[in-house]
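Residue-level listing of the chains:
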Amino acid sequence: MNKADIVDVLEDIAVLLELKGENPFKIRAYSGGARVLETMEDDLGEVIAEGRLGSIKGIGSALVDKIETLHATGELEYYTKLRASIAPGLIEMLDIPGLGGKKVKKLHDALGVESIDALKAACEAGEVSALKGFGKKSEEKILTGIANRAAYAKRHLWWDARTVAEPILAGLRDLPQVEQAEAAGSLRRLKETVGDLDFIVASSEPQPVMDWFVGQDSVQEVTAHGATKSSVRFESGLQADLRVVPMAQFAFALHHFTGSKEHNVAMRQRALAHDYSLSEWGLSRKSEVRDQKSEVRDQKSEDREQRAEDRERKAEEGPQLQSEQELFEFLGLQMIAPELREGMGEVERYELGGDSVPSLLELSQLRGVFHNHTTASDGRGTIEEMAEAAEALGFDYLGLADHSKASYQANGLSDARVLKQLEQIRAFNESGESKVHVFSGIECDILPDGSLDLEDRTLAALDYTVMSVHSSFSQSEAEMTARVIRAIEHPATVMLGHPTGRILLRREPYKIDLQKVIDAAIANKVIIEINANPKRLDMDWRLWRRAAEKGLMCAINPDAHSTEGLAYYAAGVNIARKGGIPTEQILNCRDCAGVAQWFAERR
Ligand code: DGT
Ligand code: CA
Ligand code: CA
Ligand code: ZN
């Protein structure tokens with residue numbers, strides 16, 4: 001097991017011990033040990049091999065054994081037993097925002113609740129607000145958390161869904177009976193969350209394909225197993241549909257099941273205007289379709305004779321089309337990329353011969369990424385390790401932006417520590433050790449009144465800054481908007497970080513008037529980031545097209561807390577594509593000198 005995963009286990013143990021009401025010293029040994037391990041610069045494998053783990057300050061004797069066992073085997077009996085000794089319902093409660101080990105224990109001790117349902121009932125009966133240390137507000141917050149949890153349980157992060165989908169798609173394509181296979185639905189549209197997976201296969205022999213699909217090892221439950229459609233559920237709760245169609249129908253089925261519904265409606269209307277009816281089966285002349293029972297509502301006003309006449313005329317067969325591209329062209333449209341098919345005016349915008357549409361960002365166009373953390377705050381990689389990982393990804397530059405001191409839980413940097421890191425980054429760049437140029441930055445907290453967490457001259461010494469809200473999320477919309485705009489208007493501000501604070505499937509955005517924020521950012525030449533962490537992905541793609549048209553600049557910021565986290569930039573590229581942001585307005589597409597110039601001009 002690697003260091004990052006071991007840190008997670010130690011943190012988990014600390015929470016579970018809290019839940020059990022263990023003594024605070026014991027708990028601190030684990031949470032403190034996790035922090036020490038997390039920020040340790042030496043290689044864990046080496047430290048263990050050299051027998052030095054026990055001599056590291058903050059890692060007590062109880063932890064040495066456990067860390068070594070986890071490192072060697074990936075398992076720890078103590079941890080497994082500890083988890084097993086606690087009611088599963090209590091562990092689930094830890095998922096509700098605001099409920100840590102201590103609070104769950106209190107609720108359990110005082111009210112005897114052992115499940116989320118029981119906790120919900122207790123909240124509704126007002127029993128929670130009557131408890132010391134809880135109050136009406138936290139009771140409401142728990143109820144909201146429970147309601148969100150139920151709604152969220154049905155969806156999955158795109159990033160996680162893709163991990164499940166990729167081997168399935170590869171497996172389908174490997175089958176000898178399969179002529180073509182694609183993932184469709186929201187996954188293909190690169191939506192930030194995915195309800196279920198949809199696969200479309202072209203084959204004249206569906207049965208073996210279906211049998212393979214429902215027989216995969218990872219399948220937990222088969223909910224349908226037919227000749228044209230099968231459905232399965234995996235352990236994570238994610239479900240997947242597979243449809244097998246003849247090759248002649250593939251392009252139509254793929255288009256239909258890629259969706260979205262709204263896009264399909266717009267396409268069907270466009271087809272009707274050309275006197276064709278579009279469905280997952282294909283295109284057919286309107287008059288032909290009128291014979292079909294499914295379209296009764298279309299013919300309500302027509303009398304039987306007219307229908308008989310139509311049947312006789314029996315219009316020509318619909319066109320045979322091999323690809324979606326041909327389908328769009330047949331209807332007088334340019335190819336519309338799947339991620340743009342959300343029924344937000346794309347069918348009109350992509351008319352052949354209409355206004356030109358911006359070309360979409362490609363992964364390979366990114367020259368570097370901004371907003372990444374190191375061991376100086378809560379990251380797991382050093383400057384050197386992060387730069388090395390950036391080089392491996394083919395980047396020319398890497399922006400670092402550790403937390404500032406108000407984010408004390410993330411070990412945020414004081415002014416002095418910022419300046420010290422700045423010296424380290426300069427020395428690193430001058431050493432010529434790496435082809436990657438490191439830009440020195442900071443993710444500086446926007447304090448509740450909109451002032452900044454660091455001194456002006458500290459901020460001015462850096463190459464660039466990212467300003468973010470990490471506290472007082474429950475301010476009113478007016479307060480939050482004014483707070484963020486005040487930060488945008490500060491001359492040191494280069495970028496605004498994760499502008500809504502949302503955590504997908506877990507925490508709703510804070511209240512903020514983003515249109516005002518967008519206008520202020522444009523007026524002050526401040527960039528708004530696409531936070532590419534798959535759990536955030538704000539600013540949301542739905543706002544980008546319009547904002548970019550008004551002139552807003554974008555940066556794709558992985559917010560990486562480890563070398564692996566840099567890979568999140570790909571999720572940010574999805575959002576930039578979905579938002580239709582022109583590449584000229586994406587800072588990452590500029591070369592090192594171009595980025596340096598942007599920073600210099602802004603400040
Ligand atoms: P999801 O799974 O909730 O993340 O979203 P989708 O878009 O993958 O939706 P899903 O799996 O229910 O269906 C896949 C596509 O099939 C959908 O995007 C459009 C098409 N589709 C499904 N139901 C309907 C419908 O009632 N009318 C139309 N026009 N299209 C539909
Ligand atoms: Ca779906
Ligand atoms: Ca589906
Ligand atoms: Zn942040």
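Just so it is clear, the structure is predicted and the values come from calculations on it, not from any experiment.

## Some thoughts on the sheet that holds strand 16 (residues 554-557)
Alright, step 1. Strand order across the open sheet formed by 7 strands is 10-11-12-13-14-15-16, with parallel pairing between neighbours. A strand with exactly one partner marks an edge of an open sheet, and here the two such strands are strand 10 (368-369) and strand 16.
Alright, step 2. Two elements, strand 14 (residues 495-496) and strand 15 (residues 527-531), share 2 bridges in a ladder whose sense is parallel. The residue of strand 15 that forms the bridge with Met495 is Ile527.

## Digging into the packing of helix 1 (residues 3-20) against helix 2 (residues 24-39)
Alright, step 1. Direction vectors running N to C along helix 1 and helix 2 enclose 160°, while the axes themselves pass 8 Å from each other. In terms of axis orientation, helix 1 runs roughly antiparallel to helix 2. Read as a crossing pair, helix 1 and helix 2 show a hand that is left-handed. When helix 1 is examined against helix 2, the residues Lys3, Ile6, Val7, Leu10, Glu11, Ile13, Ala14, Leu17 and Glu18 are found in contact with a partner set consisting of Lys26, Ile27, Tyr30, Ser31, Gly33, Ala34, Leu37 and Glu38.
Alright, step 2. Each residue belonging to the contact of helix 1 with helix 2 can be placed in one class, and the counts come to 10 nonpolar, 2 polar and 5 charged.

## Overview of the domain arrangement of the chain
Alright, step 1. By domain assignment, the chain separates into domain 1 (3-153), domain 2 (156-245), domain 3 (248-349) and domain 4 (363-602).
Alright, step 2. Each of domain 3 and domain 4 was reduced to a C-alpha centroid, and the two centroids are 45 Å apart.
Alright, step 3. Counting residues at the interface gives 6 residues for domain 3 and 5 residues for domain 4.
Alright, step 4. Taken over both partners, the interface formed by domain 3 and domain 4 buries close to 540 Å², and the fraction arising from carbon and sulfur atoms is 50%.
Alright, step 5. On inspection of domain 3 and its partner domain 4, the count reaches 2 salt bridges.
Alright, step 6. With a shortest N-O distance of 2.7 Å, Lys578 and Glu342 are connected by a salt bridge.
Alright, step 7. Viewed at the interface, domain 4 and domain 3 are joined by 3 residue pairs in polar contact (both at pLDDT 80 or more).
Alright, step 8. In the side of domain 3 that touches domain 4, the residues fall into 3 nonpolar, no polar and 3 charged.

## Concerning the confidence of the model for the chain
Alright, step 1. On average, residues of the chain score 93 in pLDDT, and 95% of them are at 70 or above.
Alright, step 2. The low-confidence segment residues 293-302, where pLDDT is below 50, has 6 contacts with residues more than four positions distant or belonging to other chains.
Alright, step 3. The low-confidence segment residues 308-316, where pLDDT is below 50, has 11 contacts with residues more than four positions distant or belonging to other chains.

## A short note on the sheet that holds strand 4 (residues 196-202)
Alright, step 1. Spatial strand order, 2-4-7-6-5: 5 strands in an open sheet with mixed pairing. Looking at strand neighbours, the two that pair on one side only are strand 2 (180-183) and strand 5 (219-225), the edges of this open sheet. With direction set aside, neighbouring strand axes in the sheet form an average angle of 20°.
Alright, step 2. With 5 bridges joining them, strand 5 and strand 6 (residues 229-234) adopt antiparallel strand pairing. Residue pairing for strand 6: His225 is matched across the bridge by Ser230.
Alright, step 3. The strands touched by helix 13 (residues 250-258) are strand 2, strand 4 and strand 7 (239-245); relative to strand 4, the strand with the most contacts, the crossing angle is about 175°.

## A few points about the coordination of the calcium ion (ligand 2)
Alright, step 1. Every protein donor of the calcium ion (ligand 2) is accounted for by Asp196 (O), Asp196 (OD) and Asp198 (OD), and the metal-donor separations fall at 2.2 to 2.5 Å.
Alright, step 2. Coordination at the calcium ion (ligand 2) is irregular: its 6 donor atoms span angles of 71 to 170° at the metal.
Alright, step 3. In this structure, the calcium ion (ligand 2) is positioned 3.7 Å from the calcium ion (ligand 3), and both are ligated by Asp196.

Calculation criteria
Residues numbered from 1 in each chain as written. Chains lettered and ligands numbered in written order. Predicted model: local features only at pLDDT ≥ 70, side-chain atom pairs only at ≥ 80, totals over all residues. Heavy atoms only, no water. Pairing = 2+ DSSP bridges. Helix = DSSP H or I, 4+ residues; strand = E, 2+ residues; numbered from the N terminus. Axes fitted to C-alpha atoms, helices over the stretch in contact; angles between N-to-C directions. Parallel < 35°, antiparallel > 145°, perpendicular 65-115°, else oblique. Left-handed = near helix turned anticlockwise from the far one by under 90°. Contact = heavy atoms within 4.5 Å. Nonpolar A, V, L, I, M, F, W, Y, C, P; charged D, E, K, R; others polar. Domains from an automatic or database assignment. Buried area = accessible area lost by both parts, 1.4 Å probe. Salt bridge = Lys/Arg side-chain N within 4 Å of Asp/Glu carboxyl O. Polar contact = N/O pair within 3.5 Å; in protein donor to acceptor, adjacent residues only side chain to side chain. pLDDT = per-residue confidence, 0-100. Donors = N, O, S within 2.8 Å, 3.2 Å for Na, K, Ca; no water. Tetrahedral: all angles 85-135°; square planar, octahedral: opposite > 155°, others 65-115°.

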